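# Coordinate analysis (summary)
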Amino acid sequence: QQPVQSPQAVILREGEDAVINCSSSKALYSVHWYRQKHGEAPVFLMILLKGGEQKGHEKISASFNEKKQQSSLYLTASQLSYSGTYFCGTGGTGNQFYFGTGTSLTVIP
Amino acid sequence: EPEVTQTPSHQVTQMGQEVILRCVPISNHLYFYWYRQILGQKVEFLVSFYNNEISEKSEIFDDQFSVERPDGSNFTLKIRSTKLEDSAMYFCASSGQGVHEQYFGPGTRLTVT
């Protein structure tokens, strides 16, 4: 039930791009993306509800595939402020909610 | 901007003691959640609460745990008899609707000695 993320960790130089993947063995009702900086609470980035949906937030965007079993988060022209751990989160038709395994992103100058 | 608040920020307790972690969700939100995060690990769902009752809970949320909304503003998590492995950061979150974005509080770091 808990989604799996890849890669586990990535190091980028400022200006480089990254893709973080979130996969599930069964169709998801929705997928959320959150970023957590060290010692802080997760912060909501975006939610995708429909298969085939793509959504953007400044230079961070995400997609949800047609079968609703995979989502990807795209970070373009990364900035130092993008550093943190990224979690996808999935909800069902009930009110349970499960975070993925997390991807640690470090952006260096 | 409205925010979720949690108290205390840090709680130290002895094994076997009861602790109550407190949260004040955003005032017009209807769905409330508790999560825990063991240091360096992922965020784990504990329980969701809607309409004054538990709507979902995970395997972690056993009989040692309980939640309550004692008044119109507070949302509490009680751990009856703490164990060393309960040491973690506990986050409260709230959302306006079930599948919408969740707003997290700053967390309570629980240390069981």
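It should be emphasised that the depicted structure is a prediction, and the values quoted were computed from it without experimental measurement.

### Description of the state of the cysteines
Residues and elements named next belong to chain A. In total, this model carries two disulfides over all chains according to the counting rule given. Linked covalently through their sulfurs, Cys22 and Cys88 form a disulfide whose S-S length is 2.1 Å. As the torsion about the S-S bond is roughly 75 degrees, the Cys22-Cys88 disulfide counts as right-handed. Placement of the pair is Cys22 in strand S3 (residues 18-23) and Cys88 in strand S9 (residues 84-91), with a sequence separation of 66 residues.

### Overview of the sheet that holds strand S6 (residues 54-57) of chain A
All names here are of chain A. With respect to topology, five strands assemble into an open sheet ordered S1-S3-S8-S7-S6, the strand pairing being antiparallel. Pairing within the sheet leaves two strands with one partner each, and these edge strands are strand S1 (4-6) and S6. Shown here is a sheet whose adjacent strand axes are inclined to one another by a mean of 15 degrees, direction ignored. Note that strand S7 (residues 60-64) and strand S8 (residues 70-75) share five bridges and pair antiparallel. Pairing of Ser63 across the sheet is with Ser72, part of S8.

What counts as what
Residues numbered from 1 in each chain as written. Chains lettered and ligands numbered in written order. Predicted model: local features only at pLDDT ≥ 70, side-chain atom pairs only at ≥ 80, totals over all residues. Heavy atoms only, no water. Disulfide = S-S within 2.5 Å. Helix = DSSP H or I, 4+ residues; strand = E, 2+ residues; numbered from the N terminus. Pairing = 2+ DSSP bridges. Axes fitted to C-alpha atoms, helices over the stretch in contact; angles between N-to-C directions.

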